[in-house]
Number of protein chains: 2
Amino acid sequence: MKKCDVDYTLYLCTDRDLMSTDTLEEAVTQAIEGGCTVIQLREKDCSSLDFYRTALNIREITRKYHIPFIINDRVDIALAVDADGVHVGQSDLPAKEVRRILGPDKILGVSAARLNEAKKAVEDGADYLGVGAMFPTGTKTDARPVTMEELKEIRRAVKAPIVVIGGINLNTMDQFKDTGIDGLAVVSAVIAADDIKEAAKEMVRRFRENG
Amino acid sequence: MKKCDVDYTLYLCTDRDLMSTDTLEEAVTQAIEGGCTVIQLREKDCSSLDFYRTALNIREITRKYHIPFIINDRVDIALAVDADGVHVGQSDLPAKEVRRILGPDKILGVSAARLNEAKKAVEDGADYLGVGAMFPTGTKTDARPVTMEELKEIRRAVKAPIVVIGGINLNTMDQFKDTGIDGLAVVSAVIAADDIKEAAKEMVRRFRENG
């Protein structure tokens, strides 16, 4: 998986508590079959061993479909399962340290809500940015949403791929038509859908149509 | 810090919720001044960034006193702060993976409650074992205590240094007199003491006296 070839169109962050399937493995498989282009495994409140085991399972699926596999926060688990990369937020290990531990070849994503965070992330070695939360959501309630103006400002300032996150769904996605973003990061819009595959398919179709 | 030179006599595992001082930095300093020979930083329910920042502070103290500094569970944080090693339990990343990520020179400690766990840990690259819980404790309530017979069996089976853990204090420590262990791992017996330095001093004195 070459970093420069990553297609960020529909980037799924997993959430066990929201998934409509019995297992995370099913949810991820359906999401990929629907067209999700990146899978980020996000696990909270489980042991490192359980996180590792889940990561091994998801890695197998993503490898089968040749989809990049990103681990949230835990660089050690990403290294242990040889994931394609790590995503860190502003409360995780600093991007600079993560880049040093990961080496130059793995994908590093960083969450940025403000222009200064975005610039610093890229300076510190980020390959792509997750910008948001764009809208108030149930999964992340802590911060004031990023405005469209701020998003455009970040887009102008950095060349790295940008995915928007936070309340991205079929009702909100068209607002990003002319923002120059590279993809949509979704949680519930896909993983909580009754038909995960169909939900992913429709979002991918519409994003590509929007150009 | 050469791995083979580590003195395991009094091995402190930190616990913010139990410490008698205002800050963890004070607690660790007093513990080292009292004679603690290893410091393990254990943080739960905090962000990776907070864990990392605390680890940087504790690393500075342990370096000043030339005391080995071990991080509990989080291999990535150990790498980020260049700690001397990592300690993993049976619900953390498998020892074999941790050894691979850490490289050969860092200290790897593994918790083992049974003979098979102890043997496997050493096979997988453990430099020392934390055997316990030896007694029921407030900090770890999940497992049946290790019996003295099991401890002796582990001691006979493995050459790696062994520290006992779980309910180790001034009242219980003399029971390990003739077991051939290398040290005592403590949490509350030191960090919750009114006088941390004095508590550590007394345990070290008595352990050395016991031969």
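Here is what the cut-offs are and how they apply
Residues numbered from 1 in each chain as written. Chains lettered and ligands numbered in written order. Predicted model: local features only at pLDDT ≥ 70, side-chain atom pairs only at ≥ 80, totals over all residues. Heavy atoms only, no water. Axes fitted to C-alpha atoms, helices over the stretch in contact; angles between N-to-C directions. Helix = DSSP H or I, 4+ residues; strand = E, 2+ residues; numbered from the N terminus. Left-handed = near helix turned anticlockwise from the far one by under 90°. Contact = heavy atoms within 4.5 Å. Nonpolar A, V, L, I, M, F, W, Y, C, P; charged D, E, K, R; others polar. Buried area = accessible area lost by both parts, 1.4 Å probe. Salt bridge = Lys/Arg side-chain N within 4 Å of Asp/Glu carboxyl O. Polar contact = N/O pair within 3.5 Å; in protein donor to acceptor, adjacent residues only side chain to side chain. Buried < 20%, exposed > 50% of the residue type's maximum accessible area, 1.4 Å probe, protein only.

Enquirer: So what exactly am I meant to see when it comes to the packing of helix H1 (residues 24–34) of chain A against helix H8 (residues 196–210) of chain A here?
Expert: Two packed helices can be described by the angle between their axes and the distance between those axes. Residues and elements named next belong to chain A. At a minimum axis separation of 7 Å, H1 and H8 run at an interaxial angle of 35°. Viewed along their axes, H1 and H8 form a crossing whose handedness is right-handed. Residue-level contacts link Ala 27, Gln 30, Ala 31, Glu 33 and Gly 34 of H1 to Ile 196, Lys 197, Ala 200, Lys 201 and Val 204 of H8. Taken together, the residues of the contact of H1 with H8 break down into 5 nonpolar, 2 polar and 3 charged.

Enquirer: Explain the interface of chain B and chain A here, please?
Expert: Quite often, the size of an interface is put as the accessible area lost when its parts meet. Facing 19 residues of chain B, the contacting portion of chain A comprises 19 residues. Buried area between chain B and chain A, both sides added, is near 1,600 Å², and the carbon and sulfur share of it is 61%. It is B:Leu49, B:Asp76 and B:Leu93 that lose the most area in chain B upon contact with chain A, and together they represent 29% of the buried surface on that side. Viewed at the interface, chain A and chain B are joined by 2 salt bridges. A salt bridge links A:Arg74 to B:Asp73, with the nearest nitrogen and oxygen atoms 3.8 Å apart. On the surface where chain B and chain A come into contact, there are 14 residue pairs in polar contact (both at pLDDT 80 or more).

Enquirer: Got a minute to help me understand the environment of B:Ala112 in this structure?
Expert: All names here are of chain B. Here Ala 112 is to be found in strand S5 (residues 107–112). Taking the relative accessible area as the measure of exposure, Ala 112 reaches 1% and is therefore buried. Sequence spacing of Ala 112 and Val 131 is 19 residues, and the spatial spacing of their C-alpha atoms is 5.1 Å. Apart from residues lying up to four places away in sequence, Ala 112 is in contact with Gln 90, Glu 117, Ala 118, Gly 130, Val 131 and Gly 132.

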